[in-house]
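Geometric and topological summary
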Amino acid sequence: MARIQITGGRPLEGTVAISGAKNAVLPMLMASLLTEKPCGLSGVPHLKDVTTSMELLAQMGVEISLGEHFRVEMEARELAGDTAPYDLVKTMRASILVLGPLLARQGVARVSLPGGCAIGARPVDLHLKGLKAMGADIHVDSGYIVARAERLRGARVVLDTATVTGTENIMMAATLADGTTVIENAAQEPEVADLAECLISMGASISGHGTNTITIEGRERLGGYDYTVLPDRIEAGTFLVAAAMTGGHVRVVNARSDTLDAVLGKLEEAGAKIETGPDWIELDMAGRRPRAVDITTAPYPGFPTDMQAQFTALNAIAEGTGVVRETVFENRFMHVQELQRLGADMRLEGNAVVIRGVEELTGAPLMATDLRASACLVLAGLVAAGDTVVDRVYHIDRGYENIEEKLRQLGARIQRLAG
Ligand code: EPZ
C-alpha cells in the first residue's frame with residue numbers, strides 16, 4: 001500500500017494552484033444522466049472518486065471520453081442499465097447521487113445502499129424521504145434501494161438536516177419533475193450552488209440556490225452542458241493551514257475567498273495575515289507560531305466539517321489551548337490518536353477534543369483512516385521533527401490531486417513510498 005514520507009521543519013513558501021472542487025464535480029458528472037445531449041465538464045481534478053464516478057456512468061451506458069487538462073465529455077444517449085452496483089458504491093458513497101437523475105430520466109433506479117464509512121453511519125433516509133414526497137415508490141431489497149416513478153411530481157420537501165448530497169439528489173430529480181419543487185432547510189454549500197448553475201445551463205429552472213430554500217420548476221427535458229467547475233475550497237483551506245502551521249508564506253491561486261469566510265476568519269484569529277484577490281488568497285505567518293483557536297463545525301456558511309481535522313492539527317502545535325467541536329458527523333476524530341503518536345497533547349471529551357498546543361511534535365509512522373484525517377496527518381508531518389510516514393494514502397488520493405507534488409513545490413520535503 002502506498003505511503004507518504006514527510007521530513008518536517010521547513011516553512012512553506014511560494015504559490016500553488018488549486019484544483020476543481022471534488023464535491024461539485026461528482027454531482028455534475030451524475031447530472032449527465034438527466035439528458036441525452038452531450039455534456040462537457042472542465043477543470044475536473046484527477047482524483048480516484050472522479051475515475052470511480054466515470055466507471056459507474058460508463059457501466060450505465062454513458063459514453064465518456066477524456067479531453068486535455070482532464071476535461072470530461074459525456075453523452076447519455078441510451079442508458080444501458082438502472083443499477084449502481086455494490087462493488088462500486090462501497091468504494092464511493094457519493095454514488096448515491098445517481099439515484100435522483102436515474103429516477104427522473106428513466107423512472108427506475110437500483111442503487112446499492114452506501115452503508116456507513118469511517119466517519120459515521122452516513123444514512124440516506126432524507127434522500128429517500130424527498131424522492132418519496134415527489135411520488136417515487138421506494139423500497140430496499142437485498143441491500144439495494146429500488147426506486148420507481150412514472151414521472152416525479154413537484155413537492156415541498158422539508159429536510160430534517162441540511163444534507164449536501166440529499167439536497168443535490170432531490171434538486172437534480174426535481175429538474176425533470178411535473179410541477180414545482182421547493183426544498184426547505186436545503187444545504188447552502190457553494191458546491192450545491194455551483195451544481196444548480198450547471199443545471200440551469202442545461203435549461204433547468206432553479207432559484208434560491210446558496211440559500212436554505214431552493215425552488216425548482218420541472219421541465220420536460222434538459223439540454224447538455226459545457227461547464228467549468230468551481231475551485232476546491234477545502235483543498236485551498238488545507239494548503240493555507242499547512243502554511244500557517246509551518247510559519248510560512250503561501251499564495252493559493254484559482255481559489256475563491258468568498259467560499260472560505262469562516263476558515264479565513266479562524267486563520268486570522270490564529271495570527272495569520274491574509275490578503276485576497278479575485279482568484280487568489282495569500283497567507284503570511286512571518287515565521288510566527290499559530291495561536292490556538294476554538295472551532296465548532298456546522299453546515300455552510302458555518303465552519304466546514306471537512307476542515308476540522310486540519311485545524312485539530314494546527315491546534316496541536318499552536319500557542320495555548322483550543323477546543324474543536326464536531327457537530328456534523330459522529331465519529332470524525334480518528335486522527336486524534338494518530339496525532340497523539342506524534343506527541344500531541346489532546347483529549348477527547350464527547351463530540352469535542354481539547355488540545356493543549358506543544359512546542360514540537362516528533363515524527364512517527366501513522367495510519368490514515370479517512371480523506372481529511374489523512375490530509376491532517378500530512379500537515380502534522382510537515383512540522384514534526386524527523387520523518388513521518390503516513391500509511392493507507394489511498395484515502396488522500398480520493399480528494400487531493402498530486403498533494404505531494406504541490407507541497408514539494410512549496411518547499412516541503414515529501415515523497416511517496418511505493419508499496
Ligand atoms: C457531503 O457529504 C460531502 N461529500 C462531505 O465531504 C461533507 O463532509 C458533508 O457533505 C458535510 O459537508 C460530498 O459532497 C460528496 P451530509 P454528505 O448528507 O452529503 C446526516 C469529504 O471529505 N444525514 O451533508 O454525505 C448525516 O448523517 C466528504 O469531501 C442524515 O441524517 O453529508 C450527517 O450527520 C466527507 N440523513 C449530516 O446529515 C441523510 O439522508 C450531514 O451529512 C443524509 C445525511
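Read on for an overview of the structure.

What counts as what
- Residues numbered from 1 in each chain as written.
- Predicted model: local features only at pLDDT ≥ 70, side-chain atom pairs only at ≥ 80, totals over all residues.
- Heavy atoms only, no water.
- Axes fitted to C-alpha atoms, helices over the stretch in contact; angles between N-to-C directions.
- Helix = DSSP H or I, 4+ residues; strand = E, 2+ residues; numbered from the N terminus.
- Parallel < 35°, antiparallel > 145°, perpendicular 65-115°, else oblique.
- Contact = heavy atoms within 4.5 Å.
- Nonpolar A, V, L, I, M, F, W, Y, C, P; charged D, E, K, R; others polar.
- Pairing = 2+ DSSP bridges.
- Salt bridge = Lys/Arg side-chain N within 4 Å of Asp/Glu carboxyl O.
- Buried < 20%, exposed > 50% of the residue type's maximum accessible area, 1.4 Å probe, protein only.

1. A word on the packing of helix α8 (residues 233-245) against helix α10 (residues 308-316)
Relative to each other, α8 and α10 sit at 5°, their axes nearing to 10 Å. Taken as axis vectors, α8 and α10 run roughly parallel relative to one another. The segment α8 lies against α10, with Ile 234, Thr 238, Val 241, Ala 244 and Met 245 engaging Gln 310, Phe 311, Ala 313 and Leu 314. Residues of the contact of α8 with α10, tallied by class, amount to 7 nonpolar, 2 polar and no charged.

2. Looking at the sheet that holds strand β7 (residues 108-112)
Taken in spatial order, the 4 strands make up an open sheet running β6-β7-β9-β8, and their pairing is mixed. The outermost strands of the open sheet, each flanked by one partner alone, are β6 (83-84) and β8 (137-141). As judged from the 5 bridges shared by β7 and strand β9 (residues 144-148), these two strands associate in the antiparallel manner. Within β9, the residue paired with Arg 110 across the bridge is Val 146.

3. Focus: the pairing of strand β1 (residues 3-7)
Note: β1 against strand β24 (residues 413-417), 5 bridges, orientation antiparallel. Each bridged residue has a counterpart across the sheet, and for Arg 3 the counterpart in β24 is Leu 417. The pairing of β1 with strand β23 (residues 387-391) spans 4 bridges and is antiparallel. Opposite Gln 5, over in β23, you have Val 389 as the bridge partner.

4. Side note on the pattern of salt bridges
Across all of its chains, the model carries 21 salt bridges by this definition. Its salt-bridge partner being Arg 398, residue Asp 49 comes within 2.8 Å of it at the nearest N-O pair. Taken together, the positions of Asp 49 in helix α2 (residues 48-59) and Arg 398 in the loop between α13 (394-397) and α14 (403-409) put the pair 349 residues apart, joining distant regions of the chain. A relative accessible area of 1% places Asp 49 in the buried class. The exposure class of Arg 398 is partly exposed, given its relative accessible area of 26%. Put simply, Lys 22, Asp 49 and Arg 398 are held in one network by salt bridges that share partners.

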